[in-house]
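The lines below spell out each chain.
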Amino acid sequence: MGFIKNYLGEVLGAVKSLATGMKLTGKYALKHRKEKITQLYPDNRDTLLLPERFRGEVVLIHDENNEHACTGCTACEIACPNGSIKIITKFDLTPDGKKKKALDTFVYHLDMCTMCNLCIEACPTDAIKMDQAFEHSVTNRNDLIKILNKPGSKIRDGVE
Amino acid sequence: MQNITDNIHDWLYATFNPTIAMLIEFAIIGALAIGLFAMLGLVLIYMERKVSAVMQLRLGPNRVGPKGIFQTTADTLKLIVKEGMTPNGVDKLLFNLAPFIVMIVAMVVLAPLMFAKGFQIWDINIGVFFITAVSSLSVIGILMAGWASNNKYSLLGAMRSGAQIVSYELSAGLSILAVIVLTGSLKLSEIITSQENGWWIFKGHLPVWIAFIIFIIAVTAETNRAPFDLAEAESELTAGFHTEYSGMKFALFFLAEYVNIFVVCALGATLFLGGWMPLHFGTGTKFNEVMDYIPSSVWFFGKTFFLIFVIMWFRWTFPRLRIDQLLNLEWKYLLPISMINLLLATFIAIMKWHF
Amino acid sequence: MYRETSIVNESTPTPFSGNGESDMIINVGPQHPSTHGVLHLIITLNGETVKKVEPHLGYIHRSIEKMCESLTYRQFIYVTSRMDYLSAHINNHGCALCVEKGMQLEVPPRAQVIRVLMDELTRLASHQLWWGALAMDVGALTPFFLAFREREMINDIMEETCGTRLTMNYMVPGGVMSDIHPDFQKKVHAFIDHFKKKIHEYDELITDNIIFQNRTKGVGYISKEDAISYGMSGPSARGSGVQCDIRKLYPYEVYDKLQFDEIIEAGGDSFSRYMVRIKEMKQSMSVIEQLIDNIPEGDFQAKTKAVLKLPKGEFYSRVETARGELGVYLISEGGTTPYRIKFRSPGYCNLSALDHMARGQKIGDLVAIMGTLDLVIPDIDR
């Protein structure tokens, strides 16, 4: 008799454990409208808010006068672990006739960037920041090589 | 439904000579069967994806058409235009034959099913036996596919499938027998008529309940559905017996799986839940008359789709069994229980204790 | 039984062959649904029974150790996020600890607490992903989405404070890169409350499930002695009763001031390894609860020079990642870049025991054993 009792107990225990699991998935099926966790991504693009610290790509901050704070010191280029940043400098003449190093072109290789944030940390004048843009796919690889300083932009006065 | 089919039949025999009329009927039935096959595939695959989505807190298909209802149509179109590749080193004849065998078997077992009152392709007097006998042929197609693919994963999957289908047929058959014993007939129309005053699940006492549970488990295993999907176990054998198949040949396996589910669920609905028979209690009550207003096809498809939902529910809840546990479950638990259950059912049938 | 013209035998000569003629050799991976990446296993089968498992590595080798030699002490840490990407914080932490040890740098208490919090959140996220992936390996697909629901909350917290979701590079020598986000504490509280309500679902769906228990109990057994001799560590070794929690044995940061248990299960089978991780999630939650309201004020980063230099010498630090002991061995010649870095990754040693565990089991069990070992292939291959 003990054998049969064990046998039936085993069967009932198994059925109970399976029913518990089915109850859970059944509950989620019924409460689906409330419980669903996915988002309709391309549709909610307008309302999609990314945290301010999200590392999408490096941008050079320009103000309304088309001025930036980059002195061309190449600290970011040195800090970058994989050579995504290439700073080309030029020499400007200051009003008192001295030569001064300044930014000519800020080349940024988005295809090599790993978003490690080390360049932002290294920048002494906070000229660059991480932007929240994350839709980076392009059809031509060369489009990923970006020049960050806008045409005609110059360094803001007073930034050393 | 009975009137429409009878009218067509009479009109055909009145207009043409009997041979041509018969051929035309064959053609109509063939077209209907193929149409049903395709429709079932589309509907059930969509249903499966939606059921899995609601259980997994997702949305499921929602891009093609409203609520994504044309998603499976788009998928099928894509599979049809895809190249039907035959890999090097396969046994070409068997490889190409296997999906058709599986599909033909799935279609043949549609024949004795009663879809609505008086709407049946072939009211054969051994209907239940026919379904169980023919549906077991699909294992030949699966074994063929696994062997011919010349792929070790496929072979393992096919071997698992062979062992599994052959053993689970026993308990599926024995649980069906419990109802047959109570009804006294193998003819599906008679089984349904016998449930006029209540479905077997209500008036059959304990043996029918046990038989019903065993039947659901056994047919889940027979159709290679999770948690018994060892034949394709994607985390172990990538895709099991259809690893090497692509395009429409793969789609035929896929469709056949869903049609098989439909067939076994329709059989379960017929045997235990009264087929197209509305929900009746006793005879001649007001309640029965209200229930009769709902068309019989709605009853049949409602019950069948409920059972299909239950089988899908299993799939999206449970982990997969191991092959030895699978056979243990059959030979140590389901088979002894269903044998004792059959004795019990026979006893009840002899003593006339059922309602 | 099987035809001689098998694809595997002809085209890929294996370094060993089976003993008998009935043996079947199968290549599992590098592309296979259950290898969690590009692990390549050559398994010898007798029917369904596994006779031998030979892991082949190298498909995702990126020579991270060699790369580190050309990067400065600030730079090399970001690469280590790519080893065990599921415990990226903890990898970064181990490297930062090693550099700090060399520089004799004191980390501010606030940074220490933030680091431990991030470590434990990472451990939770990693264990949640493991739970979902293990359930997938044994054939249940729904748990994966339940696990991701919780993991998503952690990822959002990480995204808000660290800026990225997976490869953070948040730990720097001397502290952490930026202070925690103002919402950090609120969100962590929300997560803990949510997870406490939901963790019973993990038991209902998988732990108590009879099929899962049958699939894991008594399967993939490894004894305590064998686990030690294979060099296993982390939850996989604690499932065999080995005391190996680095947080307890060699406490770093504030772990010695915290109240938490080292989970040890003596069973040695897949189910014990499973239970260790499930219980560890609860312990991680208790650690987070102890710390989240007690983050001391102060600097989040010690003052360091722009260019770090380590004195000549050899330095070793170890941390407990979600998978086990991560050792960082650093040789400095006195310059700004390491002369040599060696990582002792937990996954590599755990994987080496796979053959021992899987022999005599079925193929389905092999997959379940791999699942309970919680392998992350980039960690093994580096």
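Small disclaimer: the values here were computed from a predicted structure and weren't measured.

A. Inspection of the domain arrangement of chain B at higher detail. Residue and element names in this part refer to chain B. When cut into domains, chain B gives domain 1 (1–81) and domain 2 (84–351). Each of domain 1 and domain 2 has a C-alpha centre, and these two points are 20 Å apart. Counting residues at the interface gives 21 residues for domain 1, matched by 28 residues for domain 2. For the domain 1 and domain 2 pair, buried surface summed over both sides reaches about 2400 Å², with 86% attributable to carbon and sulfur atoms. Counting across the interface, domain 1 meets domain 2 through two salt bridges. A salt bridge links Arg-225 to Glu-48; the shortest N-O distance between them is 2.7 Å. Connecting domain 1 to domain 2 are five residue pairs in polar contact (both at pLDDT 80 or more).

B. Just the packing of aromatic side chains, in detail. One pass over the structure, following the stated rule, counts 30 aromatic pairs over all chains. With centroids separated by 4.9 Å and ring planes inclined at 75°, the aromatic side chains of B:Tyr245 and B:Phe253 adopt a geometry described as edge-to-face. Summarising the burial analysis for this pair, B:Tyr245 and B:Phe253 share the class buried. With 5.5 Å between their ring centres and 45° between their planes, C:Trp130 and C:Tyr274 make a pair best called tilted. Highlighted residues: C:Trp130 in helix H5 (residues 109–137) and C:Tyr274 in helix H12 (residues 270–292), separated in sequence by 144 residues. A connected cluster of aromatic rings, assembled from ring pairs, spans B:Phe95, B:Phe241, B:Tyr245 and B:Phe253. Cation over ring: C:Arg151 sits above C:Phe148, and NZ or CZ is 5.5 Å from the ring centre. The lysine or arginine in question, C:Arg318, covers the ring of C:Tyr250, its NZ or CZ lying 4.2 Å from the ring centre.

C. Main features of the nonpolar core. Residues and elements named next belong to chain B. In terms of nonpolar packing, the biggest core is built from 104 residues, with Leu-113, Phe-262, Leu-271, Phe-272 and Ile-308 touching the most fellow members. Ranked by the residues each element gives to this core, the list is headed by helix H12 (residues 247–272), at 16 residues. A domain-level breakdown of this core finds at least three residues from each of domain 1 (1–81) and domain 2 (84–351). Phe-272 has contacts with Ser-175, Val-179, Gln-195, Trp-199, Trp-200, Ile-201, Val-208, Ala-211, Phe-212 and Phe-215, leaving out every residue within four places of it along the chain.

D. Here's a closer look at empty space enclosed by the protein. Using the criterion set out here, one finds five cavities of 30 Å³ or more in the structure. Those elements giving two or more residues to the lining of the largest cavity turn out to be helix H6 (138–148) and H12 of chain B. Counting residues per element, the lining of the largest cavity draws most heavily on H12(B), at six residues. Taken together, the residues of the lining of the largest cavity sort by class into eight nonpolar, six polar and three charged. The space that makes up the second largest cavity amounts to roughly 90 Å³. If you go around the second largest cavity, you meet 14 residues; those closest to its centre are A:Cys70, A:Thr71, A:Cys73, A:Cys76 and A:Cys123. Within the lining of the second largest cavity, the residues separate by chemical class into ten nonpolar, four polar and no charged.

E. Spatial organisation of the interface of chain B and chain A. Counting residues at the interface gives 17 residues for chain B, matched by 17 residues for chain A. With both chains or domains summed, chain B and chain A bury close to 1600 Å², and 69% of this area falls on carbon and sulfur atoms. Broken down residue by residue, the surface that chain B buries against chain A is led by B:Leu57, B:Leu59 and B:Tyr333, which jointly contribute 36%. Here A:Asp43 ties to B:Arg63 by a salt bridge, and the two come within 3.3 Å at their closest N and O atoms. For the pair chain B and chain A, the interface holds seven residue pairs in polar contact (both at pLDDT 80 or more). Where the side of chain B that touches chain A is concerned, the elements lending two or more residues are helix H2 (18–55), helix H14 (296–315) and helix H15 (323–351) of chain B. Broken down by element, the residue count for the side of chain B that touches chain A peaks at four residues, all from H15(B).

So, how was this worked out
- Residues numbered from 1 in each chain as written.
- Chains lettered and ligands numbered in written order.
- Predicted model: local features only at pLDDT ≥ 70, side-chain atom pairs only at ≥ 80, totals over all residues.
- Heavy atoms only, no water.
- Domains from an automatic or database assignment.
- Contact = heavy atoms within 4.5 Å.
- Buried area = accessible area lost by both parts, 1.4 Å probe.
- Salt bridge = Lys/Arg side-chain N within 4 Å of Asp/Glu carboxyl O.
- Polar contact = N/O pair within 3.5 Å; in protein donor to acceptor, adjacent residues only side chain to side chain.
- Phe/Tyr/Trp six-rings, centres within 6.5 Å; stacked < 30°, edge-to-face > 60°.
- Buried < 20%, exposed > 50% of the residue type's maximum accessible area, 1.4 Å probe, protein only.
- Helix = DSSP H or I, 4+ residues; strand = E, 2+ residues; numbered from the N terminus.
- Lys NZ or Arg CZ within 6 Å of the ring centre and 35° of its normal.
- Core = buried A, V, L, I, M, F, W, Y, C linked by side-chain atoms within 4.5 Å.
- 1 Å grid on protein atoms, 1.4 Å probe; cavity = no way out; pocket = protein on both sides within 12 Å on 5 of 7 lines; lining within 4 Å.
- Points joined across faces, edges and corners; volume = space filled by probe spheres on them.
- Nonpolar A, V, L, I, M, F, W, Y, C, P; charged D, E, K, R; others polar.

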